[in-house]
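# Coordinates in review
What follows is each chain in one-letter form.
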Number of protein chains: 2
Amino acid sequence: MQKSLSVYDSDGSTFAPLVVIELALETKEEAIAWLLNRVRDKQQYGGAELLVEQLTPGAQGTEKVNPNVYVVGASWQRLLYGAEDVGLFKEFNDGSMRGFTYANKHNFKEFQGDGDGFLSMAECQYIIKHELDNLRAKDEAHVPGYPKMKLYPGKSVIRRMQSKGILVQVFPLHEKEELKRLSFSWYKNIKLSFQPLDDIRHYFGEGMALYFGFLEYFTLALIPMALIGIPYYLFDWEDYDKFTVFAGFNLVWCTVILELWKRLSASLAYGWGTLSRKKAFEEPRPGFHGVLGVNPVTGRAEPLYSNAKRQLRIYLVSIPFVLLCLYLSLYVMMIYFDMEGWALMIHDEEPTFWTGVLLFIPSIIYAVVIEIMNLIYRYAAEFLTGWENHRLKSTFQNHLVLKVLVFNFFNCFASLFYIAFVMQDMVLLRQSLATLLITSQILNQIMEAFLPYWLQRRRNKKAHKRMIKTMGDKELPLSEQVKLEADMSTYLGTFDDYLELFLLFGYVSLFSCVYPLAAVLVVLNNVTEVYSDAFKMCTVFKRPFSEPAANIGVWQLAFEAMSVIAVVTNCALIGMSPQVKSYFPESETQLILWVVGFEHFLLASKFILTFVIPDVPKHIQIKLSRLEFESLEALKKRVNKMYKETLDEEKPQTSVWISWVYEVYG
Amino acid sequence: MQKSLSVYDSDGSTFAPLVVIELALETKEEAIAWLLNRVRDKQQYGGAELLVEQLTPGAQGTEKVNPNVYVVGASWQRLLYGAEDVGLFKEFNDGSMRGFTYANKHNFKEFQGDGDGFLSMAECQYIIKHELDNLRAKDEAHVPGYPKMKLYPGKSVIRRMQSKGILVQVFPLHEKEELKRLSFSWYKNIKLSFQPLDDIRHYFGEGMALYFGFLEYFTLALIPMALIGIPYYLFDWEDYDKFTVFAGFNLVWCTVILELWKRLSASLAYGWGTLSRKKAFEEPRPGFHGVLGVNPVTGRAEPLYSNAKRQLRIYLVSIPFVLLCLYLSLYVMMIYFDMEGWALMIHDEEPTFWTGVLLFIPSIIYAVVIEIMNLIYRYAAEFLTGWENHRLKSTFQNHLVLKVLVFNFFNCFASLFYIAFVMQDMVLLRQSLATLLITSQILNQIMEAFLPYWLQRRRNKKAHKRMIKTMGDKELPLSEQVKLEADMSTYLGTFDDYLELFLLFGYVSLFSCVYPLAAVLVVLNNVTEVYSDAFKMCTVFKRPFSEPAANIGVWQLAFEAMSVIAVVTNCALIGMSPQVKSYFPESETQLILWVVGFEHFLLASKFILTFVIPDVPKHIQIKLSRLEFESLEALKKRVNKMYKETLDEEKPQTSVWISWVYEVYG
């Protein structure tokens, strides 16, 4: 926990600043006062009981500085109660993971003294974010000073202010010392070792750690494929017999690694306490709107939006729109092939230097158009998914992921499919695959790491200069740190990182039997990806709030779908190879039937493998069952004891108690 | 509740007899006394606190009567506490289903007075069975009087005595009045109406009611297919174009009805209170053996058996055995086809009456051999699954179902597959399908209903004669009723009934495009099946203990697997039809590619449909979420209140309480 930075509370006691709240420059005084009051107020009066102070601006106000920046912290006791509230799981004395409770705190393994240091800073920040989000309107009809910013009882105050733009941002602070240590063990000294996943989780939370865990696992899992692929390149093996063996290995391997990842991720999530943690009830996401009604589940006043309307929007607008975009993408692809044919024709007629250059023009145009289309489509998909008005952030995310995934898959692979199955030109396919893979990797590295790094560096230099002017060699004061971090870019989540991995997985698996070197390239890319991603998380972006996650969610499904498609494409490619065709010289029908039979066999095997390999390793399963069993036993004992008491005399309090216990146990 | 029958307790108070325990004739006195004592003992001393009395034998002991027959009952209060113990869900005042609690009893909808009549007799019997099964050895090393009948602390006494044969049977009694009412509304007056599923569930429990619900649903769902199939028969439509349309409809329909059944079954299970009921920890099944060790989950002494050994037995013995049996079945089938070809040859050479008879001989032999093989295989499968030594009854069941299912599927459909895809003789396929379907239906009805009915009738007549001799016109005394019911056959569960439905579903779906009348036949069969099954449950068998069930379990999966296979077979049949072939006169390759493409499209659609249709209807989902939400809220309030108290003074009791609540909530 960061001790060096502290601000003084209004009582005069210091507290460690954890989270920054930035309000708009022109926010009215009464709204600010009201908000701060709500944040500080005791919980029984509906407050968050947190500590919050205005940030004292830096020494010289040379630039126009927004004065409405506040830092939020909390007492250790408040944070520990908050850990109970959010249902944090911690390691118990007996080595199992249990829901943390304040009353039982001394039985948790790492709890020492008064609990200072028991929670990591990321956990504290997560708790504060949870408490801030749960600050709900009581009887206020609107935000004071803003009659148009309507509130209703139970509406999250922070979300309303955020959606109306008064609240510019809420972000957690970095810890300089911790970050330095983490970045050193993570990417600063290049060595052969696993990533410090526990430290990453400690600093960035489980969602991020699972991404890096998956990235590392995926890379390691590809190494056998890469090793088998190298001799194909070195010895220039061109015969399809060997490729067929390679493809067969690939297909089994893809299924096995995806299944094993589920087990590994369950182990990781268990150790991090997110596997058995139950999800709290999700509140409507900020952008959700509707007629104020009563939520049938919670009984609370809440905007409602009919599901039928949403379905209509999805089926009548979103799906046709996506299909139209796919058609457009197909159309553009056909134009590209036409252009390429035309360029080739010109070049063949009268080959000069300029016609040689002309040969590259279609590919360049196509690549640029694809990028533009992806960009426009991304905005359109976000708009449409927003317009579908999903109540929960998770469903919104799923619908967005699905839309983007389908289009990106199509855009990236349509031309390869066309070359493979319509043109049936394996040499061109190999060339295109290699070109696409290499280009996309180079572009990605530039766009993802070097560009933001360069921008960040320029910004930092300016800040650094100013700092040296004012401070000399002393440590950066809090106000400067907050200012620096407030200006950093916001990390928008793991979506794009997973999408990139997903497309790479497609390059490796879909056409593996024509280009065995793909795995080698992807392994190389992933190794640099680990470093560039680590680098960008540590230096380029604002610290993100940690997201508890038990698995990689919808991406697991996406990767599995890709591996099913890979079975189909690889079988088709094998069937089209001249070596395989030569086994059936008389009858093409025989050949196709054999290939189809083989494909069905592979698909059935995949399905059976998925069933046979348990998703959670045995030893974790036993621990989970033990916890469940213990709570069942505890319940039984309690109830037995209680009803014996009830037999003696009917205490109304006890009976309410029992009924409640049963509701919980339900 | 049956009031007319009652026995006197040792205290002199009467109780309604619910369950019968029959011990072996030569059981030693001390073992009997010990068992009865344990059943009667108070719960705090490890007893079951039930009422139990020896059955006073009937008026004349003309036949040799076993005196060791006991009837078990319980006080209403004991049963209500038992309802808590087993976690029964009942309708609450607000219309939702909640876990019953004794303390909260007056808030349940149907609770009146002292709760007499609140629980159905089937529920009471289930509770008593549960309490008897949970009668566990304390410090006894063996059953008194039987030094070889080892016990260890925590071992279920009833199960040990049952596995050693001292305990002959435990069965619940029928209720004559209730049964008369049920059988009247169920099958006695033939009318067009739904089955009284709620009454069936009330009398036989949820597992049975779900079977009959599924049977009815399946029949209704086939009616559209049957209606579309009729014109094909009437107008002798032979062209495959129309069959193709029919098959297409069939495939979509199969997927949709299976998905909708999940929703319907969720609705039913919710109303019956089994949907949200959590499964208790399963105890090892009676036949399980191993070295006494400590269960890692419960920490109790229990026989343990290494999972690795079990896997070895499954993979090295069971799977090879099943494959060998499949090979044998295939071999027998080939012999059958050889014999048929040979008979046909003889008949064609010199057709006489005797060669005409000869034509039927192979089919008859084959049918008989198949029946014998099924029978032998069933025993072998049960032996092997027992030898695999599964710890839980549910895993044992799943492995047994899988073994039997695969072999039965193969035995029933292998010849059809051979005719369809190797011989490619559609006329023969249609004939064989019709013959198999009709024969198996007739055989089933005879084996399942008429034979047991006839046997039962002979028995009843004898009993009736004796009864009239002794009683004249009076009501049957308890001892006679018990004697009658003890002699009835034991219902072995829904396994065979589901298996039959599964095979019928196969006949309808696998080759639907060559024989559209199959659906009509299956509908007719199912209508009679409802009546014959209802009849056999009410009059032929002992009443079974009710089994709480939330769905049809592994059978849902089996039906879905069948519908996937149906997609493949139907697409292949369509591709082989001359009409479809005529669209691709030049290229067979084109044809096959189109068919394969179509098949992949259908499979993908099935998969997507399964995802898109939610398994639980919206309104049930809302009710479930509300219950969950309420318990979360209750927990929060409690914890908030508690920790405010803890802040005032650290009461150790409260802190234990909170920690325990969190364990439950976990």
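Everything numeric here is computed off the predicted structure, so don't read it as measured data.

A tally of helices and strands in chain A yields 20 helices and twelve strands. Burial analysis of chain A (666 residues in total) assigns 51% to the buried set. Taking as baseline every contact in chain A between residues at least 6 positions apart, the subset at least 24 positions apart corresponds to 72%. In the form shown here, chain A has an accessible surface area of approximately 32,200 Å², with 64% of it arising from carbon and sulfur atoms.

Attention shifts here to the sheet that holds strand 5 (residues 69–73) of chain B. Residue and element names in this part refer to chain B. Strand order in the open sheet made by the four strands is 4-5-3-10, with antiparallel pairing throughout. If you trace the sheet from one side to the other, it starts and ends with strand 4 (51–54) and strand 10 (167–172), each paired once. Between one strand and the next, the sheet's axes are offset by a mean angle of 20 degrees, whatever the strand orientation. Sheet analysis places strand 3 (residues 19–23) next to strand 10, joined by five bridges and oriented antiparallel. Bridging from a neighbouring strand, leucine 23 pairs with leucine 167 of strand 10. This element, helix 3 (residues 121–133), spans strand 3, strand 5 and strand 10 of the sheet and lies at about 40 degrees to strand 3. The strands touched by helix 13 (residues 478–487) are strand 3, strand 5 and strand 10; relative to strand 10, the strand with the most contacts, the crossing angle is about 110 degrees.

With that settled, consider the domain arrangement of chain A. Residue and element names in this part refer to chain A. Domain boundaries assigned for chain A yield domain 1 (19–173) and domain 2 (180–282 + 392–476 + 492–616). Between the C-alpha centres of domain 1 and domain 2 the distance comes to 37 Å. Each side of the interface is counted separately: domain 1 has 22 residues, and domain 2 has 17 residues. Both faces considered, domain 1 and domain 2 share a buried interface measuring about 1,600 Å² in area, 57% of it formed by carbon and sulfur atoms. Among the residues domain 1 hides against domain 2, the three largest losses belong to Phe89, Met97 and Tyr126. Together they make up 32% of the total.

On to the UniProt feature "transmembrane region" (unreviewed entry) in chain A, then. Residues and elements named next belong to chain A. Under the UniProt annotation, "transmembrane region" (unreviewed entry) lies at residues 209–231, 243–261, 314–337, 357–379, 400–421, 433–455, 501–524 and 591–613. Overall, residues 400–421 shows 100% helix and 0% strand. The separation of its end C-alpha atoms is 30 Å. Annotated as 96% helix and 0% strand, the span residues 591–613 places its first and last C-alpha atoms 33 Å apart.

On to the pattern of salt bridges, then. Residue and element names in this part refer to chain B. As enumerated under the stated definition, the model contains 38 salt bridges over all chains in all. A salt bridge links glutamate 131 to arginine 78; its shortest N-O distance comes to 3.0 Å. Of the two residues, glutamate 131 sits in helix 3 while arginine 78 sits in helix 2 (residues 76–86), which places them 53 residues apart along the sequence. Between lysine 262 and aspartate 615 there is a salt bridge; the shortest N-O distance is 3.6 Å.

About the criteria used
- Residues numbered from 1 in each chain as written.
- Chains lettered and ligands numbered in written order.
- Predicted model: local features only at pLDDT ≥ 70, side-chain atom pairs only at ≥ 80, totals over all residues.
- Heavy atoms only, no water.
- Helix = DSSP H or I, 4+ residues; strand = E, 2+ residues; numbered from the N terminus.
- Buried < 20%, exposed > 50% of the residue type's maximum accessible area, 1.4 Å probe, protein only.
- Contact = heavy atoms within 4.5 Å.
- Areas by Shrake-Rupley, 256 points an atom, 1.4 Å probe, with all protein chains shown as cover.
- Pairing = 2+ DSSP bridges.
- Axes fitted to C-alpha atoms, helices over the stretch in contact; angles between N-to-C directions.
- Domains from an automatic or database assignment.
- Buried area = accessible area lost by both parts, 1.4 Å probe.
- UniProt positions renumbered as here; feature names shortened; annotations may be inferred.
- Salt bridge = Lys/Arg side-chain N within 4 Å of Asp/Glu carboxyl O.

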